[in-house]
Amino acid sequence: MVAKGKMPPSAHDFALRDMEFSTGEQFAMARHQPGFAVSQYLFYPGCQLAASAPAQVEKAYDYLRQKLDGGVGLMLDCCGAPAEWAGRQDLFQSKLQMFEVEWRRLGSPVIIAACASCCRIFGQFLPQIPVKSLWAIIDSVGLPALASAPDEDALCIHDPCSARQSAQMQDQVRRLLEKTGVTVEEPELTRDLTTCCSYGGLMSFANPEVAKKVVQGRISASAKDFVVYCAMCRDNFSSGGKRALHVMDILWPDGTDAAARLAPDFSMRRENRARLKIKLLRELWGETMSEVNELIAMEISPEMRKIMEERMILVEDVRQVILHAETSGESLLDQATGRRIAHFRPGSVTYWVEYSRLGDGFLVHKAYSHRMMVIEEAGV
């Protein structure tokens, strides 16, 4: 449909802009291990783990540097899966080429991926690049010192759809859980028959209502807490009301009830990625990077944030609408309320915001979008 010009670009606009963020300056980076000029390995945590639980990326990288010899580099990036799922072969092939160039620049190290989708993408489309899952490495060199099973008598395991054809990865995760003392319950549809969490194929962006039904169908498979090894699976199940643990919550427990952790909203996912890069550069490589200047102060109620999340509207989208309106003067004034209504189109979706001034900043009252391009003509 994309090749024939029959796919509305708005269906995947949000996911592709998120991929653009993850491959851009605010998140993407590649470095050798501090103190090393070469890298025998390269840790590739993936964009969604960094968005969901950045502290776990830090803990896993510390562990790998302690356990492996020869230097373990780090690459923060997106593998390009959203472009493949969106049918954008131009973007996807460009992303693969950029990754291979960067990989060779680092000395062609063995990739250690924490994401099943990244493992699948690299294995299928870049077979010349050696890739191992993080679970394979931990299975071979030993559990982290603090790894321990939660108090539950058993956990229901969910395999991500990207791991359907990887019996080796499925077995590695189960062995790790067994070593930590976890009793695993298998749902009816498991391993190669596992269901999708609704992120695969960008379902949750193209058809949110169907995605919600998919999530509810999966989490009804067991009354027990889920254990997963995909950040998006964990967060989608959590958003659907299911207690869910990532395997990393067991390998690196932090003393909290990790199964109850709420999934970050879309805006926070971006902030987590950006802050992780800033923190790692400062603490490990002694490099400074300025945090993003928010330009304007805004107040958005929790209720409005929830509505924005459902509508896939980022805080940054709202900020850009107001910034555009205030600098261009292009807005409508509701004289009865004193509120202004403005719009802005960063991609294929037009965003609208109703706001008013609040001190030196702005109060956001409403935000909505049109999944279409609003074409404007001069003088109309």
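Described below are features of the structure shown in this document. (Residues numbered from 1 in each chain as written. Predicted model: local features only at pLDDT ≥ 70, side-chain atom pairs only at ≥ 80, totals over all residues. Heavy atoms only, no water.)

## With respect to the pattern of salt bridges
Reasoning step 1: Tallied over the full model, the rule gives 32 salt bridges.
Reasoning step 2: Across the salt bridge formed by Arg305 and Asp265, the nearest N and O atoms sit 2.8 Å from each other. One end of the pair, Arg305, is in helix α14 (residues 302-310); the other, Asp265, is in the loop between α12 (247-251) and α13 (266-285), and 40 residues separate them in sequence.
Reasoning step 3: Residue Arg305 is classed as partly exposed on the basis of its relative accessible area, which comes to 26%.
Reasoning step 4: Residue Asp265 is classed as buried on the basis of its relative accessible area of 18%.
Reasoning step 5: In this structure, the salt-bridge partner of Arg319 is Glu316, at a minimum N-O distance of 2.8 Å. (Salt bridge = Lys/Arg side-chain N within 4 Å of Asp/Glu carboxyl O. Helix = DSSP H or I, 4+ residues; strand = E, 2+ residues; numbered from the N terminus. Buried < 20%, exposed > 50% of the residue type's maximum accessible area, 1.4 Å probe, protein only.)

## Focus: the sheet that holds strand β3 (residues 72-76)
Reasoning step 1: Strand order in the open sheet formed by five strands is β1-β3-β2-β4-β5, with mixed pairing between adjacent strands. Of all the strands in the sheet, the pair left with one neighbour each is β1 (29-31) and β5 (131-133). Sheet twist, expressed as the mean angle between neighbouring strand axes with direction ignored, is 25 degrees.
Reasoning step 2: Both strand β4 (residues 110-113) and β5 contribute to a ladder of three bridges, which runs parallel. The residue of β5 that forms the bridge with Ala113 is Ser133. (Pairing = 2+ DSSP bridges. Axes fitted to C-alpha atoms, helices over the stretch in contact; angles between N-to-C directions.)

## Considerations on the packing of helix α3 (residues 54-67) against α13
Reasoning step 1: Look at α3 against α13: their axes get within 10 Å of each other, and the N-to-C directions meet at 35 degrees. Remark: the crossing between α3 and α13 carries right-handed chirality. Across the interface between the two elements, Pro54, Val57, Glu58, Tyr61 and Arg65 from α3 touch Asn272, Leu276, Lys279, Leu280, Glu283, Leu284 and Trp285 from α13.
Reasoning step 2: Of the residues belonging to the contact of α3 with α13, the class tally is seven nonpolar, one polar and four charged. (Left-handed = near helix turned anticlockwise from the far one by under 90°. Contact = heavy atoms within 4.5 Å. Nonpolar A, V, L, I, M, F, W, Y, C, P; charged D, E, K, R; others polar.)

## Topic: the environment of Ile300
Reasoning step 1: Note on placement: Ile300 falls in the loop between β10 (298-299) and α14.
Reasoning step 2: In this structure the C-alpha to C-alpha distance between Ile300 and Val364, which are 64 residues apart in sequence, comes to 5.5 Å.
Reasoning step 3: Ignoring anything within four residues of it in the chain, the contact list for Ile300 reads Arg305, Met308, Val315 and Val364.

## Points about the pairing of strand β2 (residues 41-44)
Reasoning step 1: Going residue by residue along β2, you find Tyr41 and Phe43 tucked away on one face and Leu42 and Tyr44 tucked away on the opposite face as well.
Reasoning step 2: Direction of pairing for β2 relative to β3: parallel, over a ladder of three bridges. Bridge assignment links Phe43 to a residue of β3, and that residue is Leu74.
Reasoning step 3: Relative to β4, β2 is paired through four bridges, and the arrangement is parallel. Paired with Phe43 across the two strands is Ile112, which belongs to β4.

## Focus on helix α1 (residues 13-22)
Reasoning step 1: The element α1 is extensively covered by neighbouring structure, given that nine of its 10 residues are classed as buried.
Reasoning step 2: Residues Asp13, Phe14, Ala15, Leu16, Arg17, Asp18, Met19, Phe21 and Ser22 constitute the buried set of α1.

## Here we look at the sheet that holds strand β14 (residues 361-370)
Reasoning step 1: Pairing is mixed across the open sheet formed by five strands, whose spatial order is β10-β14-β13-β12-β11. Either end of the sheet is taken by a strand with one partner, and the two such strands are β10 and β11 (332-334).

## Notes on the environment of Met98
Reasoning step 1: Tracing the chain through its elements places Met98 in helix α5 (residues 89-105).
Reasoning step 2: Between the C-alpha atoms of Met98 and Thr23, which are 75 residues apart in sequence, the distance is 10.0 Å.

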